[in-house]
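Coordinates in review
Residue-level listing of the chains:
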Protein chains: 2
Amino acid sequence: MSFILATYHVTGPAHEIEARAEAIALEQTVELPRAAVPDGELPAPVVGEVAAIRQLGESLHGVEVRLSAALVENRPSQLINVLFGNISLQESVTLVDAHFPEETLRGFPGPRHGMDGLRQLTGAQGRALTCTALKPVGLPTSALAERCRIFAQAGIDVIKDDHGLVDQAFAPFAQRVAACQRVVEEVNEARGSQVVYAPNLSGTPGDLFRQAELCRELGVAAVMVSPMLVGLPVFSELVADHLPMPVLAHPAFGGALRMDPAFQQGSLFRLLGADASIFANYGGRFSYSPETCRRMADNLRGPFGPHKPALPTPAGGMQVDRIDEIIDFYGTDVMLLIGGSLYMAGDQLYARSRAFVENVADRKRE
Amino acid sequence: MSFILATYHVTGPAHEIEARAEAIALEQTVELPRAAVPDGELPAPVVGEVAAIRQLGESLHGVEVRLSAALVENRPSQLINVLFGNISLQESVTLVDAHFPEETLRGFPGPRHGMDGLRQLTGAQGRALTCTALKPVGLPTSALAERCRIFAQAGIDVIKDDHGLVDQAFAPFAQRVAACQRVVEEVNEARGSQVVYAPNLSGTPGDLFRQAELCRELGVAAVMVSPMLVGLPVFSELVADHLPMPVLAHPAFGGALRMDPAFQQGSLFRLLGADASIFANYGGRFSYSPETCRRMADNLRGPFGPHKPALPTPAGGMQVDRIDEIIDFYGTDVMLLIGGSLYMAGDQLYARSRAFVENVADRKRE
């Protein structure tokens, strides 16, 4: 039988840590005190086991727990449940990482297109990719489509909806997606480019399945979904059964979790099929450290069983003048998402978008 | 136009709080710097507004933000997105509460059965309700069904699956639910009782819809779902379209959120249709304070627009000998969930379950 090895950070007195670690192993599996576990009747490895305890600080420990892969059954809801279901209710416990056995890795789809698929789709070879967002919510479809045209003419590889654009009356989903997709196709035909429009899918499963169907009918080349907003199990089913095109993951609501973001938005999103993962870059308006961003990129691009690399997509208050620094940090296997900083240019939106594209193009893979 | 009033706790220096509050209002709506908001083109109230800032400590402030209800469009994913989508990525911001306008409250189903429906279903009038969990995962269906029989004979009102029981090979969903439902029906017929078995639904939307259908076919009287594990939008659609029977919400994975639990497991779960909400009681093996539990119960039972009261269901390491104290605290409009403490009785499982039922029955409404 194979095991998931989950790592938690636990705060509290050192003299309690052995009991706390044992309690985590039980809570996440049989959810019974040790004395109430019917030993004879259970397949032995079902009961979680403490694999290691390491002291990390005066009142901080790393606890590794072995969790039976048979409990997960390759279902996303159960993966989260076994990793962090009840124990998330203890505020002193943080899920920082997990190593999956081959059986579990193979049980989930991973990226179907991944980094290489997105390069093929956009024709972006030997350099970083560029990405921006259509916004703000409240604008009518015509105004959003006009912005989409400017970005497409500037040659930005991927133009995505803001994650707050859903199906509001201002710019209903079906109308907006048809208009923006048409604009991008017109520009691509005129310029011989491969710009991609990625609408934002959101709502209940029924909403999402209908939106996916419309996107397929319209020939939409990529989409964006926020896995934590729609729920990881829905994200998983949506990707596997309804979205043949590449999928960008957006981190909205994900920061609310007491779970390492590099694990969540890196490993978990990739495991469930994200081809690219948007995350808050260091030095922007969110609070991730360069070290977290490094691990995020590693989790998205590094070895991961049978799974393709996904494209790291740093975002969140990045400025056009930071392009060099960001490519120095991540290398060129990255997609740069810049939104607000382009809009600050006002009626110079085309010029600044063009500068974004050209600056990235200048940084060829070395 | 109507507004949601969201309250955040923000840690950081007092001299930055006005700018931080403004940034939250923008982030959660237009997601643009103020200077890039196209004022003339937008319906004015779309842009979030700071309503109040209160100093709560040297480096802690409460920030109230007005968010347009039109952005939410009565969709659960968008409700979470507008309340806590991107701003969740700032670790110094916690969502503590929100007040919804009548328009938003009416846009969501709320409990269809609620507290009174659960009392009718179980015949439990004038006293607190009793509840326990079938566990542990790993046991075969026959052993779980045997435990179910003992609890039913003892007269526990609601016997729910452990939230870790899904569709594992040990006790597959269809087999387990059929067996436990049959056992409860047999006991009810023999004893003239109204014990309810509530299976745990889990998985992707497709899994959940199939499980719901099976439960309807088998005449299952109530079910349990973990809204945060399956995702709030799925929970919402599942309740509205697939589950005519009462629904118990389980908090698994919910504690991972930097969001006030009384708001999440009280207000949000109730808004989306939970008839009862299971939560970690104070003084058990989780870390909620009595004050949090008090607010949880208030959010579940108090006035909430057009919505029925839901049944507070404290749980998590409660002992049979704490029944008096817990009923003193919550009153009798409550369901007591005791699991591990019953199992600790070993072969005295029936006797201790019976004591649980009788002690609760002795505490009539005053």
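**Quick word on the nonpolar core**
With 229 residues, the main nonpolar core has Tyr8 and Leu83 of chain A together with Tyr8 and Leu83 of chain B as its most contacted residues. Filtering out sequence-adjacent residues up to four positions away, Leu83 of chain A remains in contact with Ile4, Ala6, Tyr8, Gln28, Leu67, Leu95, Ala98, Phe100 and Phe263 of chain A.

**Side note on the sheet that holds strand β7 (residues 196-198) of chain B**
Picture the strands of a sheet paired through backbone hydrogen bonds; they go either parallel or antiparallel. Residues and elements named next belong to chain B. Strand order in the open sheet made by the four strands is β7-β6-β5-β13, with parallel pairing throughout. Of all strands in the sheet, those with a lone pairing partner are β7 and β13 (335-337), marking the two edges. Neighbour-to-neighbour, the strand axes of the sheet open up by a mean angle of 25°, direction not taken into account. As judged from the three bridges shared by strand β6 (residues 158-161) and β7, these two strands associate in the parallel manner. Bridge assignment links Lys160 to a residue of β7, and that residue is Ala198. Strands in contact with helix α5 (residues 114-122) are β5 (129-134), β6 and β7; relative to β5, the strand with the most contacts, it is inclined by about 80°.

**What about the packing of aromatic side chains?**
A complete count under the given rule lists eleven aromatic pairs over all chains for this structure. Taken together, a centroid distance of 4.8 Å and an interplanar angle of 80° make the contact between Phe329 of chain B and Tyr330 of chain B edge-to-face. Taking relative accessible area as the criterion, Phe329 of chain B reaches 16% and is therefore assigned buried. Joined through ring pairs, the aromatic side chains of Phe279, Tyr282, Phe329 and Tyr330 of chain A make up one cluster. When the ring centre of Phe3 of chain B is taken as origin, the NZ or CZ atom of Arg66 of chain B, which lies over that ring, is 4.2 Å away.

**Structural notes on the environment of Leu5 of chain A**
Residue and element names in this part refer to chain A. Position of Leu5 among the secondary structure elements: in strand β1 (residues 3-11). Judged by its relative accessible area of 25%, Leu5 falls in the partly exposed class. With 60 residues separating them in the primary sequence, Leu5 and Val65 have C-alpha atoms 5.6 Å apart. Those residues in contact with Leu5 that lie beyond four places of it in its chain are Ala51, Glu64, Val65, Arg66, Asp97, Ala98 and His99.

**Looking at unusual backbone geometry**
Residue and element names in this part refer to chain A. The peptide bond linking Lys135 to Pro136 adopts the cis configuration, its omega dihedral lying at -5°. Secondary-structure assignment places Pro136 in the loop between β5 (129-134) and α6 (141-154). At Glu31, a residue that is not glycine, the phi angle is positive and equals roughly 50°. For Glu31, the position within the fold is in the loop between α1 (17-27) and β2 (49-57). When its relative accessible area of 10% is taken as the criterion, Glu31 is described as buried. Of note, Asn74 is a non-glycine position whose phi angle comes to about 55°, a positive value. With respect to the element layout, Asn74 can be found in the loop between α2 (69-72) and α3 (76-84).

**A few points about the side chain of Glu27 of chain B**
In this structure, Glu27 of chain B sits in helix α1 (residues 17-27). Side chain to side chain, Glu27 of chain B and Asn86 of chain B meet in a polar contact 2.9 Å long. Once you skip the residues sitting within four places of it in the chain, Glu27 of chain B turns out to touch Arg285 and Phe286 of chain A together with Asn86 and Ile87 of chain B.

**Remarks on the side chain of Ser68 of chain A**
Residue and element names in this part refer to chain A. Within the secondary structure, Ser68 sits in strand β3 (residues 60-68). Judged by its relative accessible area of 0%, Ser68 is buried. For Ser68, the contacting residues outside a window of four places in its chain are Met1, Ser2, Phe3, Pro45 and Val46.

**Things to note about the packing of helix α8 (residues 205-218) of chain A against helix α10 (residues 232-242) of chain B**
Across the interface, α8 of chain A lies against α10 of chain B with an axial gap of 8 Å and an inter-helix angle of 105°. Classed by the angle they form, the pair α8 of chain A and α10 of chain B counts as roughly perpendicular. On α10 of chain B, the residues that touch Pro205, Gly206 and Asp207 of chain A of α8 of chain A are Pro233, Val234 and Glu237 of chain B. A per-class count over the contact of α8 of chain A with α10 of chain B returns three nonpolar, one polar and two charged.

**Some details on the state of the cysteines**
All names here are of chain A. In this structure the tally under the stated criterion is zero disulfides over all chains. Here Cys180 stays free of any disulfide, with the sulfur of Cys148 as its closest cysteine sulfur at 4.4 Å. Residue class for Cys180 comes out buried when judged on its relative accessible area of 0%.

**Comments concerning the environment of Gly48 of chain A**
Residue and element names in this part refer to chain A. Considering the arrangement of structural elements, one finds Gly48 in the loop between α1 and β2. Assessed through its relative accessible area of 1%, Gly48 is described here as buried. A sequence separation of 23 residues divides Gly48 from Ala25, and the C-alpha atoms of the two residues are 4.5 Å apart. Setting aside residues up to four positions removed in sequence, Gly48 forms contacts with Ala25, Thr29, Arg34 and Arg66.

**Remarks on the confidence of the model for chain A**
Residues with a pLDDT of 70 or more make up 99% of chain A, whose mean pLDDT is 91. Confidence estimates for the predicted assembly give a pTM of 0.88 and an ipTM of 0.84.

**A short note on the interface of chain B and chain A**
With 76 residues of chain B in contact, the opposing surface of chain A contributes 76 residues. If you sort the residues of chain B by the area they bury against chain A, Leu89, Phe253 and Phe286 of chain B come out on top, with a joint share of 11%. Among the salt bridges present, the one from Lys135 of chain B reaches Glu31 of chain A, with a minimum N-O distance of 3.7 Å. Where chain B meets chain A, there are 26 residue pairs in polar contact (both at pLDDT 80 or more). Among the secondary structure elements, those contributing two or more residues to the side of chain B that touches chain A are α2 (69-72), α3 (76-84), α6 (141-154), α8 (205-218), α9 (227-230), α10 and α14 (340-343) of chain B. Of all the elements, α3 of chain B adds the most residues to the side of chain B that touches chain A, at six residues. Partitioning the side of chain B that touches chain A into residue classes produces 39 nonpolar, 23 polar and 14 charged.

**Section: the sheet that holds strand β6 (residues 158-161) of chain A**
All names here are of chain A. Taken together, four strands build an open sheet; the order of strands is β7-β6-β5-β13 and the sheet is parallel. Either end of the sheet is taken by a strand with one partner, and the two such strands are β7 (196-198) and β13 (335-337). Neighbour-to-neighbour, the strand axes of this sheet turn through a mean angle of 25°, independent of strand direction. Taken strand by strand, helix α5 (residues 114-122) contacts β5, β6 and β7, and its axis lies near 80° from that of β5. Set on the sheet, α6 makes contact with β5 and β6; between it and β5 the angle comes to about 165°.

Criteria and thresholds
Residues numbered from 1 in each chain as written. Chains lettered and ligands numbered in written order. Predicted model: local features only at pLDDT ≥ 70, side-chain atom pairs only at ≥ 80, totals over all residues. Heavy atoms only, no water. Core = buried A, V, L, I, M, F, W, Y, C linked by side-chain atoms within 4.5 Å. Buried < 20%, exposed > 50% of the residue type's maximum accessible area, 1.4 Å probe, protein only. Contact = heavy atoms within 4.5 Å. Pairing = 2+ DSSP bridges. Helix = DSSP H or I, 4+ residues; strand = E, 2+ residues; numbered from the N terminus. Axes fitted to C-alpha atoms, helices over the stretch in contact; angles between N-to-C directions. Phe/Tyr/Trp six-rings, centres within 6.5 Å; stacked < 30°, edge-to-face > 60°. Lys NZ or Arg CZ within 6 Å of the ring centre and 35° of its normal. Polar contact = N/O pair within 3.5 Å; in protein donor to acceptor, adjacent residues only side chain to side chain. Parallel < 35°, antiparallel > 145°, perpendicular 65-115°, else oblique. Nonpolar A, V, L, I, M, F, W, Y, C, P; charged D, E, K, R; others polar. Disulfide = S-S within 2.5 Å. pLDDT = per-residue confidence, 0-100. Buried area = accessible area lost by both parts, 1.4 Å probe. Salt bridge = Lys/Arg side-chain N within 4 Å of Asp/Glu carboxyl O.

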